[in-house]
Amino acid sequence: MNNMPCDWEIYMKTTYEYIIECVSTFRKKFELGEHEPINDIFRIVDDSFLILKFPNKMGVSGVSTEKKDRNKTYKCIYINTNEPIGRQNFTFAHELYHIYFKKATSALCLEDERDKDEVEKEAEMFASNLLIPRYWLLKKFKDYGLKNNRKIEMHHVFWLQREFNVSFQAIIYAIDDLGKHEIYGKFSEYIPQIPEYFKQYYNSNWDKLEKETKKFSPDLNLNSVIPVYEFPERFKKNLINNFLRGLVEFEVVEDIFNFFEKRDELEKYL
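The rules we used
- Residues numbered from 1 in each chain as written.
- Predicted model: local features only at pLDDT ≥ 70, side-chain atom pairs only at ≥ 80, totals over all residues.
- Heavy atoms only, no water.
- Helix = DSSP H or I, 4+ residues; strand = E, 2+ residues; numbered from the N terminus.
- Buried < 20%, exposed > 50% of the residue type's maximum accessible area, 1.4 Å probe, protein only.
- Core = buried A, V, L, I, M, F, W, Y, C linked by side-chain atoms within 4.5 Å.
- Salt bridge = Lys/Arg side-chain N within 4 Å of Asp/Glu carboxyl O.
- Contact = heavy atoms within 4.5 Å.
- Axes fitted to C-alpha atoms, helices over the stretch in contact; angles between N-to-C directions.
- Parallel < 35°, antiparallel > 145°, perpendicular 65-115°, else oblique.
- Left-handed = near helix turned anticlockwise from the far one by under 90°.
- Nonpolar A, V, L, I, M, F, W, Y, C, P; charged D, E, K, R; others polar.
- Arc of directions from axis to C-beta.
- Polar contact = N/O pair within 3.5 Å; in protein donor to acceptor, adjacent residues only side chain to side chain.
- Pairing = 2+ DSSP bridges.
- pLDDT = per-residue confidence, 0-100.

1. Overview of the overall build of the protein
So, step 1. Assigned secondary structure in the protein consists of 10 helices and 3 strands.
So, step 2. N-terminal to C-terminal, the α/β element order of the protein is α-β-β-β-α-α-α-α-α-α-α-α-α.
So, step 3. Projecting the C-alpha coordinates of the protein onto the three principal axes gives extents of approximately 70 × 45 × 35 Å.
So, step 4. Expressed as a percentage of its 270 residues, the buried residues of the protein come to 45%.

Encoded structure:
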């Protein structure tokens, strides 16, 4: 019998090692602890970021790019608020990989195309390991008394969501991922089994998941979709300044303010 690793296994091993290095580099850059969860991923970035949030139904979770405004470069990230809040946190971490490590290979990558693009797979891996440090996850399994002969239950996943501020799906992915890497082998007794029916929540069955979540804890909103429009203050000021300098037409400014449902604020700038 041939026990030699196949090309895919070698790729996954070397890619995973690279991603772990990226996570370590990122955590050092932003002075984050090596294994501790990140309380709010949106708050760790500096004022060189412009973050836009609004809903879409195109299957686009997020987009990132860099733009120059005179002498300053802005890192622009868009987040789709038509997805659960925990998913938005994950998407933001995914886009950080594109900003700091590898740019996306296409301007838009639809949700159902991510598993076909190697850079997108890396960004997903990065987001998962950044937001759900594996050794901390294993520690929580031990705290909860979970074992490899026991299936993880819904309330355990909800507890873990609170711990890491991510989606239900992200927790399940991370648990499944632990069993794929030799470095976690000595902790295998703590890695629980995943019930088959949990997979129904992979396919955007979010309404049902939210009902289950609210039964457990009414204040847990990580599995809720709240399609808000967030108009960044810096973006707003830049837009107005460009209008006053004659670089943007009023109709464009008005359309943008209307889009973010802030038409009343425009009056004070006129």
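Continuing now.
2. Topic: the nonpolar core
So, step 1. Core analysis: the biggest nonpolar cluster contains 57 residues, and Ile41, Phe92, Leu96, Phe126, Ile132, Phe141 and Phe168 have the highest contact counts within it.
So, step 2. Only helix 1 (7-29), strand 1 (49-54), strand 3 (72-80), helix 2 (85-100), helix 3 (118-131), helix 4 (134-144), helix 5 (154-164) and helix 6 (168-178) provide two or more residues apiece to this core.
So, step 3. Counting residues in hydrophobic clusters, the runner-up holds 10 residues, among them Val248, Val253, Phe260 and Leu266.

3. Re the pattern of salt bridges
So, step 1. Applying the stated criterion across every chain, the model contains 20 salt bridges.
So, step 2. Put simply, Asp40 and Arg43 hold a salt bridge, and the shortest N to O gap is 3.3 Å.
So, step 3. With a shortest N-O distance of 3.9 Å, Lys53 and Glu230 are connected by a salt bridge. Residue Lys53 is found in strand 1, and its partner Glu230 is found in the loop between helix 7 (206-216) and helix 8 (233-244); the two are separated by 177 residues along the sequence.

4. Regarding helix 5
Note that an α-helix has 3.6 residues per turn; residues three or four places apart therefore point the same way.
So, step 1. Turning to helix 5, its buried residues number three or more, namely Met154, His156, Val157, Phe158, Leu160, Gln161 and Phe164.
So, step 2. Looking at the buried positions of helix 5, the neighbouring elements they touch are helix 3, helix 4, helix 6 and helix 7.
So, step 3. With its phi angle positive at about 55°, Asn165 sits one or two positions after the end of helix 5.

5. Some thoughts on the packing of helix 8 against helix 9 (residues 250-259)
So, step 1. For the pair helix 8 and helix 9, the least separation of the axes is 10 Å and the interaxial angle reads 160°. By the criterion of interaxial angle, the relationship of helix 8 to helix 9 is roughly antiparallel. For helix 8 against helix 9, the interelement crossing comes out left-handed. In this structure, helix 8 uses Phe235, Lys236, Leu239, Ile240 and Phe243 to contact helix 9, whose residues at the interface are Phe250, Val253, Ile256 and Phe257.
So, step 2. For the contact of helix 8 with helix 9, the per-class residue count stands at 8 nonpolar, no polar and 1 charged.

6. What to know about helix 4
So, step 1. Among the residues making up helix 4, those that are buried are Arg134, Leu137, Leu138, Lys140, Phe141 and Tyr144. Along helix 4, the residues classed as buried sweep out an arc of 155° about the axis, all on the same side.
So, step 2. Positive backbone phi, at 75°, marks Gly145, one or two positions downstream of helix 4.

7. Let's talk about the side chain of His181
So, step 1. Following the sequence through the fold, His181 ends up in the loop between helix 6 and helix 7.
So, step 2. Judged by its relative accessible area of 11%, His181 falls in the buried class.
So, step 3. Looking at His181, its side chain comes within polar contact range of the side chain of Asp177, at 2.9 Å.

8. Some words on the environment of Glu196
So, step 1. Take Glu196: it is sitting in the loop between helix 6 and helix 7.
So, step 2. Sequence spacing of Glu196 and Val60 is 136 residues, and the spatial spacing of their C-alpha atoms is 27 Å.

9. With respect to the pairing of strand 3
So, step 1. Burial of strand 3 is extensive: 7 of the 9 residues sit out of reach of the surface.
So, step 2. Across 6 bridges, strand 1 lies against strand 3 in parallel orientation. Of the residues in strand 3, the one forming a bridge with Lys53 is Ile79.

10. Description of unusual backbone geometry
So, step 1. Within the chain, Asn165 stands out as a residue other than glycine whose phi angle is a positive 55°.
So, step 2. On the secondary structure map, Asn165 appears in the loop between helix 5 and helix 6.
So, step 3. One non-glycine residue, Glu261, lies in positive phi territory at about 60°.
So, step 4. With respect to the element layout, Glu261 can be found in the loop between helix 9 and helix 10 (263-266).

11. A short note on the confidence of the model for the protein
So, step 1. When pLDDT is averaged along the protein, the result is 88; 90% of the residues meet or exceed 70.
So, step 2. Mean pLDDT values over the elements of the protein span from 80, in helix 1, up to 97, in helix 5.
So, step 3. In the model, residues 1-11 has pLDDT below 50 throughout and makes 4 contacts with residues more than four positions away in sequence or in other chains.

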